[in-house]
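# Structural features, examined
Spelled out from the first residue to the last, the chains are:
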Amino acid sequence: MKKKILFVTQQLGCGGVEKSLMNFLQLIDRDKYECEMLAIDNSGEFKDKFPEWLTTHEYKCPHYVKMAVNYYRVPKYEKGEGCKTKISKTFWKLIININRVTVKLFKKNISYRVVFNRYKKNNVFGEYDMIVDYHGYGVFTTYWTAYQKTKAKKVSWIHEENIYPAYEYIGCVYKYFDAIFAVCKESKINFVNKFPYMKDKVEILYNYLDVEEIRHKAESENEDLFKTDSFKITSVGRLNEQKSFHRAVETASILKEKGIKFKWIVVGDGEELEELNAQTADYDVSEYIFFIGYSDNPYAYVKQADIYVQTSRAEGFCTTISEAVVLGKAVVSTKVGGIYEQLDNGKGGIITEHSPKNIAAGIEQLINNRELLEKYEKYNQNKNMEFDKGIEKLYKVFD
């Protein structure tokens, strides 16, 4: 009999967590394991990218309840939009406000409990041997997984270096997990510092990448994507606060003022797209940095660039940096979790402080020192990237 695993995630947008989950599913031995997925919100750019053999469930509750749980807000009451009745809107606004008080005074998230108890009868999807809270981040997926009344093994993921208050607000649920996987050393250390009673259950499991697929897709684009003789820079990521692409715009302005000729393409979509385009106009760098939106093949842009740049304020084991290393690119990155492991303490690129001035200095150094740039490229091209070992750690949990 095959063992059954349920992977739980928040939504199916074009984020690093969703991408790493898609990659991780490729490792599953389907002769021994049958997999299903539960998405709290079954929508997003990656919805049709998951394998066809994967049965996907959506959490059964009204959309406005998901908004209340995931984003702590209730949509406006309008005909055909948001809450169905003003009573519903009033109820969930009350829950959110009570939750703010309990979080502040008692460090308890009661909104998750309300949603879980109210809709648990609607959300029984089957019997499983393991339930994996792949999304992590101490959000509703973690709470839902922890309180499933089942004999299934339970696993949660830690994708980022920072252990936000959200983890603390549901901290008591981690005792129900059999294992926690952190994507880098920094993530593990910070999690154990916050929850020392879990130290024997936390292991490091690096995000998996399909190296051959990345290289194949990178080479499949024959067109010159940059169409410039200037220095070429690429960044990839969701346009949100964590990735801090506003720093990229400010960095571009600094490089422009120094008279440096370059073209910087940022691949990715997100809630800050309009704001970032406005910022490029304000800084007068619209001819230097371009936010081109989502692409099915960001690897081609990375491959054709001279360097890859990451401006994030926080990361775990950043997937896009690993992809740049796989493609043999020199990297300039802010000092985020996992970066010293990914760049081997600076052997594969420059690690900078979190300011546009420092990022610009790192980029300028590589523009002016071709020998150093090629040194980083050569190191990354020869790096042994073994991403497929981690699946055995997941299988071990069954034992």
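Residues numbered from 1 in each chain as written. Predicted model: local features only at pLDDT ≥ 70, side-chain atom pairs only at ≥ 80, totals over all residues. Heavy atoms only, no water.

## As for the side chain of Lys154
Operational definition: For the purposes of this entry, the term helix denotes a DSSP run of H or I that reaches at least four residues, the term strand denotes a run of E that reaches at least two, and both are numbered from the N terminus. Exposure classes here rest on a 1.4 Å probe applied to the protein chains alone. A residue is buried below 20% of its type maximum, exposed above 50%, and partly exposed in between. Note that His is not counted, nor are the chain ends; the positive residues are Lys and Arg, and the negative ones are Asp and Glu. Criterion for a salt bridge: a side-chain nitrogen of Lys or Arg within 4 Å of a carboxyl oxygen of Asp or Glu. We define a polar contact as two N or O atoms separated by no more than 3.5 Å, with the added condition that, inside protein, one atom must be a possible hydrogen donor and the other a possible acceptor, whereas residues neighbouring each other in sequence contribute only through side-chain atom pairs. By definition in these notes, contact holds between two residues if any of their heavy atoms fall within 4.5 Å.
Along the chain, Lys154 turns up in strand S5 (residues 153-158). Within the buried core, Lys154 has no salt-bridge partner, and the shortest N-O distance to an opposite charge, that of Asp178, equals 7.2 Å. For Lys154, the side chain forms a polar contact with the main-chain oxygen of Gln148, separated by 2.7 Å. In this structure, Lys154 is in contact with Ile131, Thr145, Ala146, Tyr147, Gln148, Tyr176, Phe177, Asp178 and Ala179, ignoring residues within four places of it in sequence.

## Some thoughts on the sheet that holds strand S13 (residues 349-352)
We apply this condition: For two strands to be treated as a pair, DSSP must find no fewer than two bridges joining them. Here, axes are lines fitted to C-alpha atoms. For helices the fit covers the stretch in contact, and angles between N-to-C directions go from 0 to 180 degrees.
The six strands are arranged S10-S9-S8-S11-S12-S13 in an open sheet whose pairing can be described as parallel. Each edge of the sheet is formed by a strand with only one pairing partner; in this case those strands are strand S10 (289-293) and S13. Averaged over neighbouring strand pairs, the angle between their axes works out to 20° when direction is ignored. Examined bridge by bridge, strand S12 (residues 330-334) and S13 share four bridges and lie parallel to one another. By the bridge assignment for S13, Ser333 is matched with Ile351. The strands touched by helix H9 (residues 246-257) are strand S9 (262-267), S10 and S12; relative to S9, the strand with the most contacts, the crossing angle is about 175°. Against the sheet, helix H14 (residues 356-368) touches strand S8 (231-236), S9, strand S11 (307-310), S12 and S13, its axis set at about 165° to S12.

## Some remarks on the pairing of S5
Under the convention used in this document: For the handedness criterion, the strands are oriented away from the viewer, and a crossover whose path from the first strand over the helix to the second runs clockwise is classed as right-handed.
Counting buried residues in S5 gives five out of six residues, a clear majority hidden from the surface. Here strand S4 (residues 130-133) pairs with S5 via four bridges, running parallel. Paired with Asp133 across the bridge in S5 is Ser156. Crossover handedness for the path S4 to helix H5 (residues 140-146) to S5: right-handed. Relative to strand S6 (residues 179-182), S5 is paired through four bridges, and the arrangement is parallel. Across the sheet, residue Trp157 finds its bridge partner in S6, namely Phe181.

## Quick word on the pattern of salt bridges
Per the stated rule, a full pass over the model turns up 18 salt bridges. A salt bridge links Glu168 to Lys194; the nearest nitrogen and oxygen atoms lie 3.5 Å apart. Remark: Lys194 occurs in helix H7 (residues 185-194) and Glu168 occurs in helix H6 (residues 165-169); sequence separation between them is 26 residues. Of the residues examined, Glu168 reaches a relative accessible area of 26% and is grouped as partly exposed. Between Glu223 and Lys227 there is a salt bridge, with the nearest N and O atoms lying 2.7 Å from each other. Overall, Lys227 belongs to the exposed group, its relative accessible area being 56%.

## Focus on the packing of H9 against H14
Test applied: Our angle categories are set so that under 35 degrees counts as roughly parallel, over 145 as roughly antiparallel, 65 to 115 as roughly perpendicular, and the remainder as oblique. For any pair of crossing helices, the crossing counts as left-handed if the nearer helix is rotated counterclockwise from the farther one by less than a right angle, and right-handed if it is rotated clockwise. Three classes are used, and their members are as follows: Ala, Val, Leu, Ile, Met, Phe, Trp, Tyr, Cys and Pro are nonpolar, Asp, Glu, Lys and Arg are charged, and the others, Gly among them, are polar.
The interhelical angle for the contact between H9 and H14, taken along N-to-C directions, is 60°, at an axis separation of 8 Å. Judged by the angle between their axes, H9 and H14 are oblique. Crossing angle aside, the handedness with which H9 passes H14 is right-handed. Contact with H9, carried on its side by Arg247, Glu250, Thr251, Ile254 and Leu255, involves Pro356, Lys357, Ile359, Ala360, Ile363 and Glu364 of H14 and no other residues of that element. Here the residues of the contact of H9 with H14 sort into six nonpolar, one polar and four charged.

## Some points on a nonpolar patch on the surface
How we decide: What goes into a patch is any residue over 30% in relative accessible area without a salt bridge, connected to like charges within 9 Å or, for nonpolar side chains (Val, Leu, Ile, Met, Phe, Trp, Tyr), within 5 Å. Residue-level accessible areas treat just the shown protein chains as cover; the underlying method is Shrake-Rupley with a 1.4 Å probe.
Nonpolar side chains collect at one region of the surface, where Val101, Leu105 and Phe106 lie side by side and expose about 330 Å² of accessible area between them. Turning to its location among the elements, Leu105 is positioned in helix H3 (residues 86-106).

## Structural notes on the packing of aromatic side chains
Short version of the rule: Here a pair means two rings of Phe, Tyr or Trp (six-membered ring of Trp) with centres within 6.5 Å. Their orientation is stacked below 30 degrees between planes, edge-to-face above 60, and tilted elsewhere.
Counting across every chain of the model gives 25 aromatic pairs. Aromatic pair Tyr143 and Tyr147: ring centres 4.7 Å apart, planes at 50°, arrangement tilted. For Tyr143, a relative accessible area of 7% puts it in the buried group. With a centroid separation of 5.0 Å and 55° between ring planes, the pair formed by Phe191 and Phe195 is classed as tilted. You'll find Phe191 and Phe195 in the same group, each marked buried.

## Topic: the nonpolar core
For clarity, the threshold we go by: We call a set of buried residues a nonpolar core when its members are Ala, Val, Leu, Ile, Met, Phe, Trp, Tyr or Cys and they connect through side-chain atoms within 4.5 Å of each other.
Ranked by internal contacts, the top residues of the largest apolar core, which has 76 residues, are Phe7, Trp144, Phe191 and Leu394. With six residues, the top contributor of residues to this core is strand S2 (residues 33-41). Phe191 has contacts with Ile158, Ile163, Tyr167, Tyr174, Ile180, Met198 and Val202, leaving out every residue within four places of it along the chain. With 29 residues, the next largest nonpolar core counts Ile233, Val309, Ile363 and Tyr376 among its residues.

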